[in-house]
Amino acid sequence: QVQLVESGGGLVQPGGSLRLSCAASGSIWSINSMDWYRQAPGKQRELVAASRSGGRANYADSVKGRFTISRDNARNTVYLQMNSLKPEDTAVYYCNAEVKLNKWSQYSTFWGQGTQVTVSS
């Protein structure tokens, strides 16, 4: 199967920056999308940033201009650069990928275990 491993979370002061990474490994034929979601306590999981083919990216309105998603296709890795962090960005951040396991299969969705981001003074 496929494993997604996130890293880079932690505690940061308001206005600070963090860079999250998510590496996919395992039985991978191809990856369609690699996205970042987050879930704050008591709230639903929400899409933060999505990477699409051709270098296109979509962002939640709350993070536009502050977060940047990027992919290294050779390493099956997606990054989330988070600048000007706010307390409301505090959440567990999850990586999500649509992966084809072989040339005959459909794309399946996989999730990472999540990494905690806490923005606090």
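What counts and how
Residues numbered from 1 in each chain as written. Predicted model: local features only at pLDDT ≥ 70, side-chain atom pairs only at ≥ 80, totals over all residues. Heavy atoms only, no water. Phe/Tyr/Trp six-rings, centres within 6.5 Å; stacked < 30°, edge-to-face > 60°. Helix = DSSP H or I, 4+ residues; strand = E, 2+ residues; numbered from the N terminus. Lys NZ or Arg CZ within 6 Å of the ring centre and 35° of its normal. Salt bridge = Lys/Arg side-chain N within 4 Å of Asp/Glu carboxyl O. Buried < 20%, exposed > 50% of the residue type's maximum accessible area, 1.4 Å probe, protein only.

Draft legend 1. Local environment of the packing of aromatic side chains. Within the structure shown, the criterion is met by 2 aromatic pairs. Between the aromatic rings of Tyr-37 and Trp-111, the centroid separation amounts to 4.9 Å while the plane-to-plane angle is 65°, which identifies the pairing as edge-to-face. Highlighted residues: Tyr-37 in strand β4 (residues 30-39) and Trp-111 in strand β10 (residues 107-111), separated in sequence by 74 residues. Relative to Trp-111, the ring of Tyr-94 has its centre 6.5 Å away and its plane inclined at 85°; by these criteria the two rings are edge-to-face. A residue pair is termed long-range when its members are at least 10 positions apart, and Tyr-94 in strand β9 (residues 91-100) and Trp-111 in strand β10 qualify at 17 residues. Each member of the aromatic cluster is reached from another via a ring pair, and the members are Tyr-37, Tyr-94 and Trp-111. We note Arg-45 situated over the ring of Tyr-94; from NZ or CZ to the ring centre the distance is 3.7 Å. It is Arg-45 that lies over the ring of Trp-111; its NZ or CZ is 4.7 Å from the centre.

Draft legend 2. The pattern of salt bridges, seen in detail. With the rule as written, the count across this model stands at 6 salt bridges. Between Asp-89 and Arg-38 there is a salt bridge; the shortest N-O distance is 3.0 Å. Of this pair, Asp-89 sits in the loop between β8 (77-82) and β9 while Arg-38 is found in strand β4, placing the two residues 51 residues apart along the sequence. The exposure class assigned to Asp-89 is buried, which follows from its relative accessible area of 1%. Here Arg-66 and Asp-89 are joined by a salt bridge, their closest N and O atoms 2.8 Å apart. Of this pair, Arg-66 sits in the loop between β6 (57-59) and β7 (67-72) while Asp-89 sits in the loop between β8 and β9, placing them 23 residues apart in sequence.

From the geometry alone we can't say anything about function, so treat these as descriptive.
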